[in-house]
Amino acid sequence: MKTVLFWFRRDLRLSDNPALRAALNAADRVVPVYIHSPHEEGDWGPGGASRWWLMKSLARLDRRLRDHDSRLIIRQGDALDCLHSLLASTAAEAVFWNRLYEPAVVERDRKIKEWLKQQGYHAESHNGALLVEPWELRTGKGEPYRVFTPFWRALSKRDEPDSPLQKPRTLRPTAQWPSSLALDELKLLSGIGWEDKLETHWQPGEAGAGDAMDRFLDQALVDYKTARDLPDVSGTSRLSPHLHFGEISPRQAWHRVRSRMAGQAAVEEGGWTWLRELGWREFAHHVLFEFPHTPDQPLYSRWQDFPWRKNHEAFVLAWQRGETGYPIVDAGMRELWETGYMHNRVRMIAASVLVKNIRAPWLSGAKWFWDTLVDADLANNTMGWQWSAGCGADAAPYFRIFNPFTQSRRFDPEGRYLRRWLPELSKLPDRDLHAPHEAADGILHHAGLRLDRDYPRPIVDYKSSREEALAAARAVASA
Ligand SMILES: Cc1cc2nc3c(=O)[nH]c(=O)nc-3n(C[C@H](O)[C@H](O)[C@H](O)COP(=O)(O)OP(=O)(O)OC[C@H]3O[C@@H](n4cnc5c(N)ncnc54)[C@H](O)[C@@H]3O)c2cc1C
């Protein structure tokens, strides 16, 4: 083929990009394209933090392409219309892309592929985002998995993933480029400057993903098994946004970790624990693909009738603002607002308090995370929220409810995480920091803290809200 289009989506990298490699092998000239069409993603077009990331990542991708005499052609609108017009203006004969798994996008892509083929174009999609395609793993009964452990057993029994592909030497640029929008014209930023602060915490793009991987391997892999649960320690990889936007592929990550493990007994345990987390990402995509109703509805329909608190809106607002009076939750929500990220342990606690104690619908939390997380990912976010609400795949039994105070004392014993995000509590002694509403008046006075003025009391009483949640869940579970 003379000319083909390569459609970048969430595979914003040059190395280990199977569809890009296939396009380069098939053609003399490759035109790289990005099409902005959030309206085609159902209710789940990218949120605020994701749009910031996307903007930065596309800019860096374009720069990398230009280093190879290529460039990114940017369009906006219905993807099919944009492809149609680009095929005509470049006289391209084919479109190549890597697959995505969100229900609305799967459906859109299916129609596009069908249309391309009907029109006589070559259309070719590849797996660039997962270790295994969601349809490749089945239980003994031939059904999709709903429980992680057997899924992981089946995944880890397979051969190791193929070695990643090297970065291409040439990108086969054309001499005549079609017109492109400027990145600014996509209006990805909110205009209120909220995203500016994200810049200090993240380095979007393929090079940033490589740096994050190197840091993790050198500094955190060895202690990952224990340090991953401590929110004040840099004990995890922080690769989640890079994986979401495809700036590093899971098999690149897999092989980087596996080669670090080779012959080094000290990192064996941390290595496997981390690869298992990558397995959760695979499981989340498997569940999303097989159960496409789950972004808005529970996997198990009986949970549809769970009696959420009436008039929960003001409670949700306090939760979003980090003003619940549960310090570990408030610290997490403020970390999220400032950095676009929240530590996994704290995500679990913050989600549990929202759905179990406040008893607000899990979707209200999922939507806030969607807008504010730089790693917002429909598969992982849906899995995390349904797991926390007890209505999804592999969810904890309904009667197991996190105690946020105990969790806080256990995973942030010296209160370093709490003090970083809640400076108003910083003078409290360690033992009172986790539950200031229980501290004696003298201690509060000594720490210069007045409850209700400087920091709220819990917006719901932990013990009674727990009992109410249990009674509600018991009724649903036995219905
Ligand atoms: C309520 C809730 C919502 C969540 N929403 C998201 C989300 O929108 N996007 C997202 O990527 N993760 C989400 N997670 C999962 C997890 O919190 C993040 O993946 C993790 O904190 C990212 O940090 P890391 O890259 O340093 O993780 P590491 O500990 O270094 O893990 C490596 C990778 O494994 C994957 N991973 C780890 N834990 C999980 C998990 N529980 N489920 C699925 N994949 C996992 C991620 O891709 C992660 O980058 C959510 C968890 C909860 C409880």
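Per an unreviewed UniProt entry, the protein carries the name Deoxyribodipyrimidine photo-lyase and comes from Natronospira elongata. The UniProt entry for the protein carries the following comment under Function (unreviewed entry): "Involved in repair of UV radiation-induced DNA damage. Catalyzes the light-dependent monomerization (300-600 nm) of cyclobutyl pyrimidine dimers (in cis-syn configuration), which are formed between adjacent bases on the same DNA strand upon exposure to ultraviolet radiation." Per its UniProt entry, the protein bears the Catalytic activity (unreviewed entry) comment "cyclobutadipyrimidine (in DNA) = 2 pyrimidine residues (in DNA)."

The environment of the ligand is made up of 26 residues, and the closest members are Tyr224, Thr236, Ser237, Arg238 and Asn344. With respect to the ligand, the backbone of Leu239 contributes an N or O atom lying 3.0 Å from an oxygen atom. If the ligand stood free it would expose 820 Å²; the protein chains cover 95% of that surface. Here the ligand is seated within the largest pocket. With five residues, helix H10 (residues 265–290) is the single largest residue contributor to the shell around the ligand. Residue classes in the shell around the ligand are distributed as 13 nonpolar, seven polar and six charged.

UniProt feature "site: Electron transfer via tryptophanyl radical" (unreviewed entry): in the numbering of this structure it lies at Trp308, Trp362 and Trp385. From the list above, the largest pocket is lined by Trp385. Relative to the helices and strands, Trp308 is located in the loop between H10 and helix H11 (313–321). The class for Trp308 is partly exposed, based on a relative accessible area of 25%.

Here the focus is the side chain of Asp330. Mapped onto the fold, Asp330 is located in helix H12 (residues 327–339). Buried within the structure, Asp330 lacks any salt-bridge partner; its nearest side chain of opposite charge belongs to Arg334, at an N-O separation of 5.1 Å. Within the local environment of Asp330, its side chain forms a polar contact with the side chain of Thr324, the two groups lying 2.7 Å apart. Setting aside residues no more than four positions away along its own chain, Asp330 makes contact with Gly322, Glu323, Thr324, Gly325, Leu422 and Tyr455.

Running from N to C, helix H13 (residues 344–357) and helix H15 (residues 378–389) cross one another at 55 degrees; their axes reach a closest spacing of 9 Å. Considering their axes alone, H13 and H15 lie oblique with respect to each other. At the point where H13 passes H15, the crossing takes the right-handed sense. Of the residues in H15, those in contact with Met348, Ala351, Leu354, Val355 and Lys356 of H13 are Trp385, Trp387, Ser388 and Ala389.

Bringing empty space enclosed by the protein into the picture now. A full pass over the atoms with the stated rule returns seven cavities of 30 Å³ or more. The calculated volume of the largest cavity comes to roughly 330 Å³. Considering the residues around the largest cavity, the lining is formed by 25 residues, among which Arg10, Tyr34, Glu41, Pro46 and Leu100 are closest to the centre. If you list the elements that add at least two residues to the lining of the largest cavity, you get strand S1 (3–8), strand S2 (29–36), helix H2 (48–67) and helix H4 (103–118). No other element matches S2, which puts three residues into the lining of the largest cavity. Across the lining of the largest cavity, the residue classes tally to 14 nonpolar, five polar and six charged. Mapping the lining of the largest cavity onto the domain boundaries places at least three of its residues in each of domain 1 (3–128) and domain 3 (301–477). For the second largest cavity, the lining is made up of 17 residues, of which Arg10, Ala129, Leu243, His244 and Arg281 are closest to its centre. Breaking the lining of the second largest cavity down by element, the ones donating at least two residues are helix H8 (240–244) and H10. Residues belonging to the lining of the second largest cavity are distributed by class as follows: seven nonpolar, four polar and six charged. Residues from two domains meet in the lining of the second largest cavity; each of domain 1 (3–128) and domain 2 (130–160 + 206–290) gives at least three.

Conventions adopted
Residues numbered from 1 in each chain as written. Predicted model: local features only at pLDDT ≥ 70, side-chain atom pairs only at ≥ 80, totals over all residues. Heavy atoms only, no water. UniProt positions renumbered as here; feature names shortened; annotations may be inferred. Near = heavy atom within 4 Å. Polar contact = N/O pair within 3.5 Å; in protein donor to acceptor, adjacent residues only side chain to side chain. Areas by Shrake-Rupley, 256 points an atom, 1.4 Å probe, with all protein chains shown as cover. 1 Å grid on protein atoms, 1.4 Å probe; cavity = no way out; pocket = protein on both sides within 12 Å on 5 of 7 lines; lining within 4 Å. Sits in = over half its atoms within 2 Å of the grid points. Helix = DSSP H or I, 4+ residues; strand = E, 2+ residues; numbered from the N terminus. Nonpolar A, V, L, I, M, F, W, Y, C, P; charged D, E, K, R; others polar. Buried < 20%, exposed > 50% of the residue type's maximum accessible area, 1.4 Å probe, protein only. Lys, Arg positive; Asp, Glu negative; His and termini not counted. Salt bridge = Lys/Arg side-chain N within 4 Å of Asp/Glu carboxyl O. Contact = heavy atoms within 4.5 Å. Axes fitted to C-alpha atoms, helices over the stretch in contact; angles between N-to-C directions. Parallel < 35°, antiparallel > 145°, perpendicular 65-115°, else oblique. Left-handed = near helix turned anticlockwise from the far one by under 90°. Points joined across faces, edges and corners; volume = space filled by probe spheres on them. Domains from an automatic or database assignment.

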